[in-house]
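Spelled out, the chains give:
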Amino acid sequence: MYEQHRHEFLNQPHTRVALLHGGLIWRLALHSFGFNVLPSVLEGISREAVLFGLMLDINSQTYFDDELSEEEIDFMCRMYYLHTNGNVEIVSWWPRPQAGLPQD
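Criteria and cut-off values
Residues numbered from 1 in each chain as written. Predicted model: local features only at pLDDT ≥ 70, side-chain atom pairs only at ≥ 80, totals over all residues. Heavy atoms only, no water. Helix = DSSP H or I, 4+ residues; strand = E, 2+ residues; numbered from the N terminus. Buried < 20%, exposed > 50% of the residue type's maximum accessible area, 1.4 Å probe, protein only. Salt bridge = Lys/Arg side-chain N within 4 Å of Asp/Glu carboxyl O. Pairing = 2+ DSSP bridges. Axes fitted to C-alpha atoms, helices over the stretch in contact; angles between N-to-C directions. Parallel < 35°, antiparallel > 145°, perpendicular 65-115°, else oblique. Contact = heavy atoms within 4.5 Å. Nonpolar A, V, L, I, M, F, W, Y, C, P; charged D, E, K, R; others polar.

(A) Main features of the environment of L82. Relative to the assigned elements, L82 resides in strand β3 (residues 79-84). You can call L82 partly exposed: its relative accessible area is 34%. On a C-alpha basis, the gap between L82 and S92 in space is 9.7 Å, while along the polypeptide they are 10 residues apart.

(B) Inspection of the pattern of salt bridges at higher detail. Evaluated as defined, the whole model comprises 2 salt bridges. For R96, the salt bridge is made with D74, and the minimal N-O distance between the two is 2.6 Å. Highlighted residues: R96 in the segment after β4 (87-92) and D74 in helix α5 (residues 70-76), separated in sequence by 22 residues. Taking relative accessible area as the criterion, R96 reaches 18% and is therefore assigned buried. For D74, a relative accessible area of 16% puts it in the buried group. Each of E70, D74 and R96 takes part in a single network of salt bridges with overlapping partners.

(C) Broad picture of unusual backbone geometry. Of note, N59 is a non-glycine position whose phi angle comes to about 50 degrees, a positive value. On the secondary structure map, N59 appears in the loop between β1 (54-58) and β2 (61-65). Given a relative accessible area of 71%, N59 falls into the exposed group.

(D) Expanded view of the pairing of β2. One ladder, built from 5 bridges, connects β1 with β2; its direction is antiparallel. Across the sheet, residue L56 finds its bridge partner in β2, namely Y63. With antiparallel pairing between neighbouring strands as the criterion, β1 and β2 make up a hairpin whose turn holds 2 residues, including N59 at a positive phi of roughly 50 degrees.

(E) Region of interest: the packing of helix α1 (residues 2-9) against helix α3 (residues 23-33). One way to put it is that α1 packs onto α3 with a least axis distance of 9 Å and a crossing angle of 85 degrees. Here α3 runs roughly perpendicular to α1, going by the angle between their axes. Listed contacts from α3 to Y2, E3, R6 and H7 of α1 are L28, H31 and S32. Residues that form the contact of α1 with α3 fall into these classes: 2 nonpolar, 3 polar and 2 charged.

Distances and angles like these do not, on their own, reveal function.
This is the structure:
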C-alpha cells in the first residue's frame, strides 16, 4: 500500500525534485520513476514551483525552484507517530535525511 501511494505521490510534477534531493529520497524516487526519467530532471522547474516551491532572492532577482516540503519528506520516509502507554514515539521505515546529524 505504501509503495502504491508513494508512486502516486511521485506522479505530481513538482516531485521530480526528489531525484535531485540525493540520498535515500533519491533512491526511493528512482525506484518509483525508473532510470528512464533521469534526463527529464534537467528540463527545469515544474509549473507548480511558483505556487508551492522554493523562492530564492539572489542579487535582487527572484528565482523559483521545486522543493519537497518536510511533510512530503516524512511521507517518503514513511514516518508516523506511534502512541503507546501515553507516550508518542516518532518512527519511520526509512531514516529521514537529517537523522543522525547533530542538532543545533
